[in-house]
Amino acid sequence: MKRFLKAGLMLVLGLALVAPSLTTTADASSKKVKVISTTKVAKKAYHGKKGYIYSSAKLTKKKYNMKKYKYTTWYRSKKAKIKKSGKKSSLTYIKAGKKKGWIYSKYLTAGKAPINKKKIMKNDLTAYNRAMMSASSDFQNSAVVSDGDYDSMGHGLTDYLYFNEDATKDKVAVLKVYKIFKGRFSKSQNKNLAAMAEDLSDFHITKSNRELGASKLETFGNTLGRLIYDL
């Protein structure tokens, strides 16, 4: 009797040791990806908010997480049909600069990616403050914005009194700010600003015409400032 109990116990232990390896093998095989077909497609812009981008259509290695590239425009060139765990799916091969790979087609939206307005404003603020470094100390103290938005930048130009001895420096600064925002407004506004900028750029400010130069500068600065804080 003891011999039969001992044999039965050994059999149970043997099955317990074998079972995990059988399960692992089955799970591993069920996750294998079979590429059914790959076809070239017309180039088209896409963007996405989620999903992983893989190095190959077999989904063996994740390269990028799309949620980090929601403001990036990708362009497709190939599509593939795969079978994973018995289910068929569609993949798209996309590229953005040097980044490329395969992603589930369901995660893509046709069209270019939305504009990252927050990032653009941050870059504009940095460029604006850099331009202000060319201005007179009084203008810098009045117009430099440490932490703000388009409203703050616009008011930095409109709230300043331009009539001072350093009008030439202020002219350089305002024209630099104009170059940052050039072309961002309506057709008529862009045309008007371009004419004013050309006139101011060609006007050489001297002691004898400082008042006229300051007047031109103030008009241009106020016009540009109002348009900026309405962005």
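Residues numbered from 1 in each chain as written. Predicted model: local features only at pLDDT ≥ 70, side-chain atom pairs only at ≥ 80, totals over all residues. Heavy atoms only, no water.

*Asks:* Whenever I open this one, a negative patch on the surface confuses me. Can you help?
*Replies:* A surface patch of negative charge is lined by D147, D149, D151 and D230. The topology assignment puts D147 in the loop between α3 (137–143) and α4 (150–158). (Patch = residues over 30% accessible without salt bridge, like charges linked within 9 Å, V, L, I, M, F, W, Y side chains within 5 Å. Areas by Shrake-Rupley, 256 points an atom, 1.4 Å probe, with all protein chains shown as cover. Salt bridge = Lys/Arg side-chain N within 4 Å of Asp/Glu carboxyl O. Lys, Arg positive; Asp, Glu negative; His and termini not counted. Charge placed at Lys NZ, Arg CZ, Asp CG, Glu CD. Helix = DSSP H or I, 4+ residues; strand = E, 2+ residues; numbered from the N terminus.)

*Asks:* When you look at α4 in this model, what are you seeing that I'm missing?
*Replies:* Every α-helical turn comprises 3.6 residues, leaving residues that sit three or four positions apart pointing alike. Within α4 the residues assigned to the buried category are Y150, M153, G154, G156, L157 and T158. Capping of α4 at its N-terminal end is provided by D149; its side-chain oxygen lies 3.2 Å from the backbone amide nitrogen of D151. (Buried < 20%, exposed > 50% of the residue type's maximum accessible area, 1.4 Å probe, protein only. Polar contact = N/O pair within 3.5 Å; in protein donor to acceptor, adjacent residues only side chain to side chain.)

*Asks:* Looking at this structure, how should I read helix α5 (residues 167–181)?
*Replies:* An ideal rise of 1.5 Å per residue puts 21 Å on 15 residues; α5 measures up with 21 Å between its terminal C-alpha atoms. Taken together, the buried positions of α5 are A167, D170, K171, A173, V174, L175, V177, Y178 and F181. In this structure, the buried residues of α5 make contact with α2 (117–132), α3, α4, α6 (187–202) and α7 (210–228). G183 lies just past α5 and shows a positive phi near 85°. (Expected span 1.5 Å × (residues − 1). Contact = heavy atoms within 4.5 Å.)

*Asks:* It is not clear to me how the packing of α4 against α7 should be interpreted in this structure. Could you clarify?
*Replies:* The axes of two packed helices give the description: the angle between them and the distance between them. Packing of α4 against α7 brings their axes to within 7 Å, and their N-to-C directions diverge by 165°. In terms of their interaxial angle, α4 and α7 are classed as roughly antiparallel. Seen along the crossing, α4 lies across α7 with a hand that is left-handed. Of α7, the residues touching α4 (which contributes Y150, M153, G154, L157 and T158) are G221, N222, L224, G225, R226 and I228. A breakdown of the residues in the contact of α4 with α7 according to their chemical character gives five nonpolar, five polar and one charged. (Axes fitted to C-alpha atoms, helices over the stretch in contact; angles between N-to-C directions. Parallel < 35°, antiparallel > 145°, perpendicular 65-115°, else oblique. Left-handed = near helix turned anticlockwise from the far one by under 90°. Nonpolar A, V, L, I, M, F, W, Y, C, P; charged D, E, K, R; others polar.)

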